Amino acid sequence: MTERFTGSFTQQEPIPDEGISAALEVLNHGRLHRYNTGPDELSETACLEQEFAQLVGAKYCLAVASGGYAMATALRAVGVKPGDKVLTNAFTLAPVPGAIAAVAAEPVFVGVTEALTIDLEDLAAKLDQSQVLLLSHMRGHLCDMDALMAMCDAAGVTVIEDCAHTMGGAWNEVPSGRHGAVGCYSAQTYKHVNSGEGGLFVTDDAEIAARAIILSGSYMLYERHLAAPGPEVFERVKYVTPNISGRMDNLRAAILRPQLRALDTQVERWNARYRVLEEGVRDTPGLTIVERPEAESIVGSSFQVLLLDWTEAAVQEVVQRCGTRGVELKWFGAAEPVAFTSRYDSWRYAASEKMEKTDRVLAGVLDMRVPLTFSLDDCALIARIIRAEVSAVFQGS
Ligand SMILES: *Cc1c(COP(=O)(O)O)cnc(C)c1O
C-alpha cells in the first residue's frame, strides 16, 4: 500500500482560549487603537512591548503592523537614505529586499552556504559596499553570529536582524535579534506567534528606539509606551522624524500576549517534530541533511533538505511525486517565483550579479513548513514519503 499524507501544511493551531477572551474584552470595550486608553489604563499593545522586551532581554520594544514594516522602520531609524546600498541575503523571502526597496535603497546580495546561512567569505568581500546589513535568518538557520558581528563591528557595519523565522531561537544563548543593533520579528499567521499580521522591533539604542516609535505613528503620545526611552531622547528626534503609520492595535496585542507566554513550550513542540523529520530522512542516498551547529538553539518550524547537484528535472520529479502523496515541498531553484518561493534574480527591481555557489545551493533546496497541527506520527509519515520518493528518483537517475 502506498502511504499518503492528508494533513494541511498551512493549518496553524487555534488562538489559545486566553487570547480569545482577551480579544473579546478589547472588542467589548472598543478601545482598539493603542493610544485610546482610559485613565490609568495600560494598553494591551504597550504591555505586549514590555513583555517582549523582557522575553528577549532588550531595553526597548515597539509593536508594529508587520515584520516587513519593522524592517523598513529599522532601516530608516538607523539612517539609511534613498540610493544607499544595503547588504542582505540572496537566500531569503520577498519582504526582505522589499523592505530595502521601501526606503528607496538598493540591495547588495550576499551568497548562501550549504548550511543555508549567509556566506561569511562573500560578506567579507562585500562589506565595504555598505554601512548596513539586513541579515535574514532565513528558515531559522543562524550563521556563526559571533564571527559575523566581529566582522561587521570591525567594518563599522550596522546589523539589523530579520528574525521572522527565529523568534524563540538563540546563538550561544543570546536570543536571535539581540546580536545586531535591531531585531525584527513577524507575528504573521505562518510565523511563531499568530495575530494574522503584526511585527515586533527591539533595540538597546535609545535614539533608534525613539525614531522608530515616532516613525510608527505615535504622534506625540510616546509617553504612553512602557518599553521606550525617556522623553529627553524624543526631544532630540521628534521634529525631524516623519510619521509613517504602521502601528499595532490592541486586538492583535491581546491575542499575542498569551502566545508569547507559551513560546518556550511551542518551540519544544516544533523541535520534537523537526527531530522526527530529520531522523526519518537521515542517510537517504542523494539527500543532504542541513546539520545544525551546537551553538544554535533552533526553532524547527520549517524543515529543509538539499538535493545537491541533482538535475532540475530530477528535483522537480521529487517535488511532484511527494506532492501526489500529500507532501508539499517547495523548491527554491525554480526560475519563476512560485507562491512564497522566489530567488534573488527574480526580484527584477534590484540589480544582482550571478552567484554560482549560491545558485548551486538554491537549485538543491527543498523546503516545507511544519505547523504544530502535525503530530509526531504525521512527521514520521512525511519523512517516510520523502525518503521513498527521493530514493526512487535517485536510483532511477
Ligand atoms: C514573513 C517574513 C518576513 C516578514 O513578514 P511580514 O509578512 O511582513 O510580517 C520577513 N522575512 C522573512 C524571511 C519572512 O518569511
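Residues numbered from 1 in each chain as written. Predicted model: local features only at pLDDT ≥ 70, side-chain atom pairs only at ≥ 80, totals over all residues. Heavy atoms only, no water.

(A) Representation of the site of the ligand within the structure. If you check the shell around the ligand, you find 16 residues, and the closest are Gly-68, His-165, Ser-186, Gln-188 and Lys-191. Between the ligand and the protein, one listed contact pairs an oxygen atom with a side-chain N or O atom of Gln-188 at 2.7 Å. Between the ligand and Lys-191, the relevant distance is 3.1 Å, taken from an oxygen atom to a side-chain nitrogen or oxygen of the residue. Taking 380 Å² as the accessible area of the ligand by itself, protein coverage stands at 91%. Among the secondary structure elements, those contributing two or more residues to the shell around the ligand are helix H3 (67-77) and helix H4 (95-102). Here the shell around the ligand gets 3 residues from one element, more than from any other, and that element is H3. Here the residues of the shell around the ligand sort into 5 nonpolar, 9 polar and 2 charged. (Near = heavy atom within 4 Å. Polar contact = N/O pair within 3.5 Å; in protein donor to acceptor, adjacent residues only side chain to side chain. Areas by Shrake-Rupley, 256 points an atom, 1.4 Å probe, with all protein chains shown as cover. Helix = DSSP H or I, 4+ residues; strand = E, 2+ residues; numbered from the N terminus. Nonpolar A, V, L, I, M, F, W, Y, C, P; charged D, E, K, R; others polar.)

(B) Representation of the state of the cysteines within the structure. Scanning the model with the defined rule gives 0 disulfides in all. No disulfide involves Cys-143; its sulfur sits 8.7 Å from the nearest other cysteine sulfur, which is in Cys-152. Accessibility expressed as a relative area gives 5% for Cys-143, which makes it buried. (Disulfide = S-S within 2.5 Å. Buried < 20%, exposed > 50% of the residue type's maximum accessible area, 1.4 Å probe, protein only.)

(C) Looking closely at the sheet that holds strand S6 (residues 170-171). Strand order across the open sheet formed by 3 strands is S7-S6-S11, with antiparallel pairing between neighbours. Lying at the two open borders of the sheet, with one neighbouring strand each, are strand S7 (174-175) and strand S11 (296-297). The pairing of S6 with S7 spans 2 bridges and is antiparallel. Its bridge partner being in S7, Trp-171 is matched across the sheet by Val-174. (Pairing = 2+ DSSP bridges.)

(D) Looking closely at helix H7 (residues 206-215). Judged by how many residues are buried, H7 sits mostly within the fold: 7 of 10 residues are covered. Each element contacted by the buried residues of H7 is listed here: strand S1 (60-64), H3, strand S8 (182-186), strand S9 (199-203) and helix H8 (231-237). Capping of H7 at its N-terminal end is provided by Asp-205; its side-chain oxygen lies 3.0 Å from the backbone amide nitrogen of Glu-207. (Contact = heavy atoms within 4.5 Å.)

(E) How the structure looks around the pairing of strand S2 (residues 85-89). Among the 5 residues in S2, 4 count as buried, and that is most of the element. Here S2 runs beside strand S3 (residues 106-110); their pairing, made up of 5 bridges, is parallel. Its bridge partner lying in S3, Asn-89 is registered against Val-110. Crossover handedness for the path S2 to H4 to S3: right-handed. (Right-handed = clockwise from strand over helix to strand, strands pointing away.)

(F) Highlighting the pattern of salt bridges. A complete count under the given rule lists 30 salt bridges for this structure. The residue Glu-296 makes a salt bridge to Arg-292 at a minimum N-O spacing of 2.9 Å. In this structure Glu-296 comes out as buried when scored by relative accessible area, which is 8%. Taken together, the salt bridges that share partners define one network made up of Arg-275, Glu-278, Glu-279, Arg-282 and Glu-291. (Salt bridge = Lys/Arg side-chain N within 4 Å of Asp/Glu carboxyl O.)

(G) The packing of aromatic side chains, seen in detail. Under the counting rule described, the total for this entry stands at 10 aromatic pairs. Measuring from centroid to centroid gives 5.7 Å for Phe-5 and Phe-9, while their planes differ by 80 degrees, and the two rings are edge-to-face. A relative accessible area of 3% places Phe-9 in the buried class. Consider the rings of Tyr-274 and Phe-303, whose centres lie 5.3 Å apart with planes at 80 degrees: the pair is edge-to-face. Of this pair, Tyr-274 sits in helix H10 (residues 263-281) while Phe-303 sits in strand S12 (residues 302-306), and the two are 29 residues apart along the sequence. A residue is classified by how much of its surface remains accessible, and Tyr-274, at 1% relative accessible area, is buried. Under the relative-accessibility criterion, Phe-303 is labelled buried at 3%. An aromatic cluster is present here, built from Phe-5, Phe-9 and Phe-374 joined pairwise through their rings. (Phe/Tyr/Trp six-rings, centres within 6.5 Å; stacked < 30°, edge-to-face > 60°.)

(H) Representation of helix H9 (residues 250-261) in the model. When the terminal C-alpha atoms of H9 are compared, their 17 Å separation across 12 residues agrees well with the 16 Å that a helix rising 1.5 Å per residue should span. Most of H9 is tucked away, with 9 of its 12 residues classed as buried. Of the positions making up H9, those classed as buried are Asn-250, Ala-253, Ala-254, Ile-255, Leu-256, Arg-257, Pro-258, Gln-259 and Leu-260. Looking at the buried side of H9, the elements it contacts are helix H1 (17-29), helix H2 (44-56) and H10. The N-cap residue of H9 is Asp-249: its side-chain oxygen and the backbone nitrogen of Leu-251 are 3.1 Å apart. (Expected span 1.5 Å × (residues − 1).)

(I) Structural detail: the sheet that holds S1. With mixed pairing, the 7 strands of this open sheet are ordered in space as S1-S9-S8-S5-S4-S2-S3. Only two strands of the sheet have a single neighbouring strand rather than two, namely S1 and S3. Here the strands of the sheet are splayed against their neighbours by 20 degrees on average, with no regard to which way each runs. Relative to S9, S1 runs antiparallel, the two being bridged by 5 bridges. Looking across to S9, one finds that Tyr-60 is bridged to Thr-203. Packed on one face of the sheet, H2 meets S1, S8 and S9 and runs near 130 degrees to S1. Strand contacts of H3: S1, S2, strand S4 (132-136), strand S5 (158-162), S8 and S9, with the helix running at about 165 degrees to S8, the strand carrying the most contacts. (Axes fitted to C-alpha atoms, helices over the stretch in contact; angles between N-to-C directions.)

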